[in-house]
Amino acid sequence: MAQVTLKGNPVQVGGALPQPGSQAPAFTLVGEGLADTSLKDFAGKRKILNIFPSIDTPTCATSVRTFNAKAGSLDNTVVLCISADLPFAQARFCGAEGLENVRVLSTLRGRDFHESYGVALTDGPLAGLTARAVVVLDENDTVLHTELVAEIADEPDYDAALAALN
């Protein structure tokens, strides 16, 4: 079990983050219109999984905005922003912000994602949500890069995630 912090306080994280070189675990989450959306729906594309607790927090919102800005110039790449927020809230945020280069997915269903991607917050005030992490996959869903952000309130290393695609 990994450990991160939330404002300096230790929080346990269940599951195991996929390791570079491994095959990404399959998942089915909830997408636009409450449709089941799976990893295989993005077959043949490179993927950046931007995983975070809730789009309604400043750092999470910043990560979505930042990946949206950087994703526009990436060939054959989709950025999947994954949180526990309902798809309606995710769509409302992206619409209000004019974000068109990211796709949002909810862990409303498919809660096994938390454990299989090693982001399950098991204690603390955010227990039941996901830790902040980034997982980068190639076109064949091979893991190229992972980061479990040590302090949930901190942003991920955008440059390292993007460099994994070069």
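Residues numbered from 1 in each chain as written. Predicted model: local features only at pLDDT ≥ 70, side-chain atom pairs only at ≥ 80, totals over all residues. Heavy atoms only, no water.

Engineer: Which residues make up a nonpolar patch on the surface, and what are the values?
Structural biologist: A contiguous nonpolar surface patch, about 350 Å² in accessible area, is contributed by L34, L86, F88 and L108. Of note, F88 is situated in helix α2 (residues 87–97). (Patch = residues over 30% accessible without salt bridge, like charges linked within 9 Å, V, L, I, M, F, W, Y side chains within 5 Å. Areas by Shrake-Rupley, 256 points an atom, 1.4 Å probe, with all protein chains shown as cover. Salt bridge = Lys/Arg side-chain N within 4 Å of Asp/Glu carboxyl O. Helix = DSSP H or I, 4+ residues; strand = E, 2+ residues; numbered from the N terminus.)

Engineer: If you had to explain the packing of aromatic side chains to someone new, which residues and values would you point to?
Structural biologist: Aromatic rings in a pair are described by how distant their centres are and how their planes are angled relative to each other. Applying the stated criterion to the full structure yields four aromatic pairs. Ring centres of F67 and Y158 lie 5.1 Å apart, and the angle between their planes is 75 degrees; on these two criteria the pair is classed as edge-to-face. Linking F67 in helix α1 (residues 58–71) with Y158 in helix α4 (residues 158–163), this pair joins segments that are 91 residues apart in sequence. The same class applies to F67 and to Y158, which are both buried. For the pair F113 and Y117, a centre-to-centre distance of 4.5 Å together with 20 degrees between the ring planes defines the contact as stacked. (Phe/Tyr/Trp six-rings, centres within 6.5 Å; stacked < 30°, edge-to-face > 60°. Buried < 20%, exposed > 50% of the residue type's maximum accessible area, 1.4 Å probe, protein only.)

Engineer: Go over α1, please, and point to the residues and values.
Structural biologist: Helix length check: α1, at 14 residues, gives a terminal C-alpha distance of 20 Å against a target of 20 Å (1.5 Å per residue), a fit within 8%. T59, C60, A61, S63, V64, T66, F67, N68 and A71 are the residues of α1 that are buried. (Expected span 1.5 Å × (residues − 1).)

Engineer: Let's hear about the pattern of salt bridges: which residues, and what values?
Structural biologist: This structure, assessed with the given rule, holds three salt bridges. When the shortest N-O distance is used, the salt bridge between R109 and D36 registers 2.9 Å. One end of the pair, R109, is in the loop between β7 (102–106) and α3 (112–116); the other, D36, is in strand β4 (residues 36–38), with 73 residues separating them in the sequence. The partly exposed category is assigned to R109, whose relative accessible area is 37%. Note that R65 and E97 form a salt bridge whose closest N and O atoms lie 2.8 Å from each other. One end of the pair, R65, is in helix α1; the other, E97, is in helix α2, with 32 residues separating them in the sequence.

Engineer: Requested: an account of the nonpolar core, with residues and values cited.
Structural biologist: In this structure, F27, L49, F113 and Y117 are the most contacted members of the largest nonpolar core, which totals 26 residues. For this core, the secondary-structure elements that each account for two or more residues are β1 (2–6), β2 (9–14), β5 (46–51), β6 (77–83) and β9 (133–137). Sequence-distant contacts of F113, that is, excluding residues within four places in its chain, are made with F27, L29, L49, I51, I82, T107 and V119. Counting residues in each nonpolar core, the second largest holds 21 residues, with V64, F93, V102 and A161 among its members. (Core = buried A, V, L, I, M, F, W, Y, C linked by side-chain atoms within 4.5 Å. Contact = heavy atoms within 4.5 Å.)

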